[in-house]
Amino acid sequence: MSDLPLIQADRAVPPPAATTSTGGRRRRLRLLSRTDRVVITLMVLVPLLIVTGFVWMPAAATVLLSGTNWDGIGPLNEIEFVGARNYSDVVNIYPPFVPAIQHNLLWLAALFVVATPFGMFLAVLLDKELRGSRFYQTALYLPVVLSLALIGFVWQLLYSRDQGLINAVFNSSIDWYGDSNVNIWAVMVASGWRHVGYIMLLYLAGLKGVDPSLREAASVDGASESRTFFRVVFPVLRPINIIVLVVTVIESLRAFDLVWVVNKGRNGLELISALVTQNVVGEASRIGFGSALATIMLVVSLVFITIYLATVMRENRE
Amino acid sequence: MSRPQSQAEYLARLVPPSVAGLNRRSLLAGAAGTGALLGTGLLAGCGDDSGSGGSSKEVSLGSNQSDPKPKDVLVKVTDGFKTSSGVQVAVNTVDHNTFQENINNYLQGKPDDVFTWFAGYRMRFFAQKGLAGDISDVWGKLTGYSDAFKKASTGDDGKQYFVPATYYPWAVFYRKSVWQQHGYQVPTTLDQFTTLAGQMKKDGLTPIAFADKDGWPAMGTFDILNLRINGYQFHIDLMAGKEAWTSDKVKKVFDTWAGLLPLHQPDSLGRTWQEAAQSLQQKKSGMYLLGLFVGQQFNNDEQDDLDFFTFPEIDPSIGAKALDAPIDGYMMARKPKNPDNARKLLEYFGGKAAADINLKNDPAVLVANSGADVGGYTALQKKAAELVGSATEIAQFLDRDTRPDFASTVIIPALQQFIKDPKDIDGLTSSIENQKKSIFTD
């Protein structure tokens, strides 16, 4: 239904374009002065160099280094290759690895199943133009402007075992950040607190853009509120849904800052990104071992990137 | 830093040390990856800036003393050097944690002529990699250092690479007033220690304050138990990767610790050392095994109420004469731009004048040079200096006595795992041993 106006627009454009296109293209070719060509070459070359130098080369270097036991000291030609030893070490004798994978997946699931739908729900409520909706909107969006690191400190005020607000109010002694059965959930609440606001805003923007006539048509047809939302509004929001999906995946992979602030990603808060940092950043770094972890993370991310690209490409083809 | 006096102070101390740059004994990392990258540029930049030619009237100093207090003290010391030698010191101060995280890149790039660092494996590691300058000739001119300090400044090749400046011992701290009130006596054996702790429990106190959120404080407990049960040499060999973690000797350390754990403050993995120290300060805990810097959590008028004893003897044949007392000091770059001035500066740092300035301005540390005028020490500092002076062996603390990568990526999670589940000692030690074999390959 949402595609309808777009397709019409597409059909409307080609005919006039077709009559001038041949002549236009020839004239444009002739008009392409030397400056133009230099500019175009630069416009292609510079981004290409940047992408190669800052994205592909480091990625390739990481994969290469994951086969070595380099400690970051000494010339590059002295690097010793140890084959797949780092990978077998990661899987076999590195205790934080399995929890880290589990936590990453748990994080994704929690954001996807709880925080994202909740954000959507709030957006729908706020879209109803309740009294004081501006206030709620601001309150809910506020955490989004804070960095995750700062959010870690803010929640520390609530979570501290001996001096935190929660334990003081309820007279309990729960070790929110220290008990490894509890802390992942405590941290996820903090992370979700921000994520909900983010999703809410994205959806609110999308909802504002929905053509009111669609809703009117639905209500004339006698559709209920929820039916209108799920059958009419939600499908129209397809582009927003994809953005939200991507944002959720990115956020769950980016969870790093929060756990790092809490306890450097140890004791129940292991995440792949934290393990990479623990191993690579430091005095006598295990660059090879850390690179192996980073490569595993790259592969995990690639799965999501592939899904996203496939979706976007299918979209374009349609 | 004393007890928070205002809400702002309270909030400020909730910022983790890694971010605030306040961590005294931080391990691997502090800031996020990007911060570290920025720091790399910063350090490299510092090296470039200071390279204003090999002027004979200048020397550069890379400093990790980023806290206001020590930074101020260092300025006073370098001023003293300027007055006495006429040589200008360009001090490049970098955030404490950033400095440590980037030490690899820093030393391989264009480091300052002289830089702040730590004794122990951390020093020997860079000496062995050829990233530090031999300063044996400077040591020929230094006086006032015991053999223990000289040993702590010597690399694997027998040459000196380090000038000690300050240090602080680890011991069991307590409040005199609390002990007087209950009539407690200083224990000298493990049995007396556990009996005392049991009595404290009955008296409504938490016997031993304990925190390990940041990962390193528990290393102090492991160190002292290992030193008392197996002795200094075994501890050092274990740290150097020469002994097996699966041996019965190590298992005995964990067994003993498991027996003591119920006497420790519960839920330690969510608590910072500051919070644990405050429970001692608030008279809720009876004792706390920590470095001398525990005094920072006490008000000025409470300093006299703070006392300590060295961790009691466990095995009479080993005794209780070894302890952790990490030493901070200075090293020289492998190729300083002004080698002569760098040596002069190091000689000054190791001399009596610098020690006197340190002593007068920083009450939280002890100075390494015995020639210093120790009349300015508080009673606590005097006692601490005596304790270290009478020690037969001085260890540097776990993360300074072993490979940093091993300490932070293997030992910290392992000790936290132990605290969480003290029963599975066999599984724990074999996991450590497997990882150790993989790390100690070269």
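All values derive from a computational prediction rather than experimental measurement.

### A look at the interface of chain A and chain B
- Every contact between the two is made by 38 residues of chain A and, on the other side, 49 residues of chain B.
- Broken down residue by residue, the surface that chain A buries against chain B is led by Gln163(A), Arg266(A) and Glu283(A), which jointly contribute 20%.
- The interface formed by chain A and chain B contains three salt bridges.
- In this structure, the salt-bridge partner of Arg271(B) is Asp162(A), at a minimum N-O distance of 2.7 Å.
- Joining chain A to chain B, the criterion identifies 14 residue pairs in polar contact (both at pLDDT 80 or more).
- Broken down by class, the residue content of the side of chain A that touches chain B amounts to 13 nonpolar, 15 polar and ten charged.

### Let's talk about the domain arrangement of chain A
Residue and element names in this part refer to chain A.
- Each assigned domain of chain A is listed here: domain 1 (62–93 + 289–317) and domain 2 (102–285).
- A separation of 28 Å is found between the C-alpha centroids of domain 1 and domain 2.
- Counting residues at the interface gives 13 residues for domain 1 and 13 residues for domain 2.
- Carbon and sulfur atoms make up 76% of the area that domain 1 and domain 2 hide from each other, which totals about 1200 Å².
- For the domain 1 face of the interface with domain 2, the top three residues by lost area are Leu-293, Met-297 and Phe-304, together amounting to 39%.
- Across the domain 1-domain 2 interface, the total number found is zero salt bridges.
- Considering only residue class, the side of domain 1 that touches domain 2 consists of seven nonpolar, four polar and two charged.

### Some points on helix H14 (residues 273–281) of chain B
All names here are of chain B.
- Counted residue by residue, H14 has nine buried out of nine residues, so it is predominantly covered.
- Looking at H14, one finds that the buried residues are Trp-273, Gln-274, Glu-275, Ala-276, Ala-277, Gln-278, Ser-279, Leu-280 and Gln-281.
- Trailing H14 by a residue or two, Lys-283 shows a phi angle of about 65°, which is positive.

Quick notes on the rules
- Residues numbered from 1 in each chain as written.
- Chains lettered and ligands numbered in written order.
- Predicted model: local features only at pLDDT ≥ 70, side-chain atom pairs only at ≥ 80, totals over all residues.
- Heavy atoms only, no water.
- Contact = heavy atoms within 4.5 Å.
- Buried area = accessible area lost by both parts, 1.4 Å probe.
- Salt bridge = Lys/Arg side-chain N within 4 Å of Asp/Glu carboxyl O.
- Polar contact = N/O pair within 3.5 Å; in protein donor to acceptor, adjacent residues only side chain to side chain.
- Nonpolar A, V, L, I, M, F, W, Y, C, P; charged D, E, K, R; others polar.
- Domains from an automatic or database assignment.
- Buried < 20%, exposed > 50% of the residue type's maximum accessible area, 1.4 Å probe, protein only.
- Helix = DSSP H or I, 4+ residues; strand = E, 2+ residues; numbered from the N terminus.

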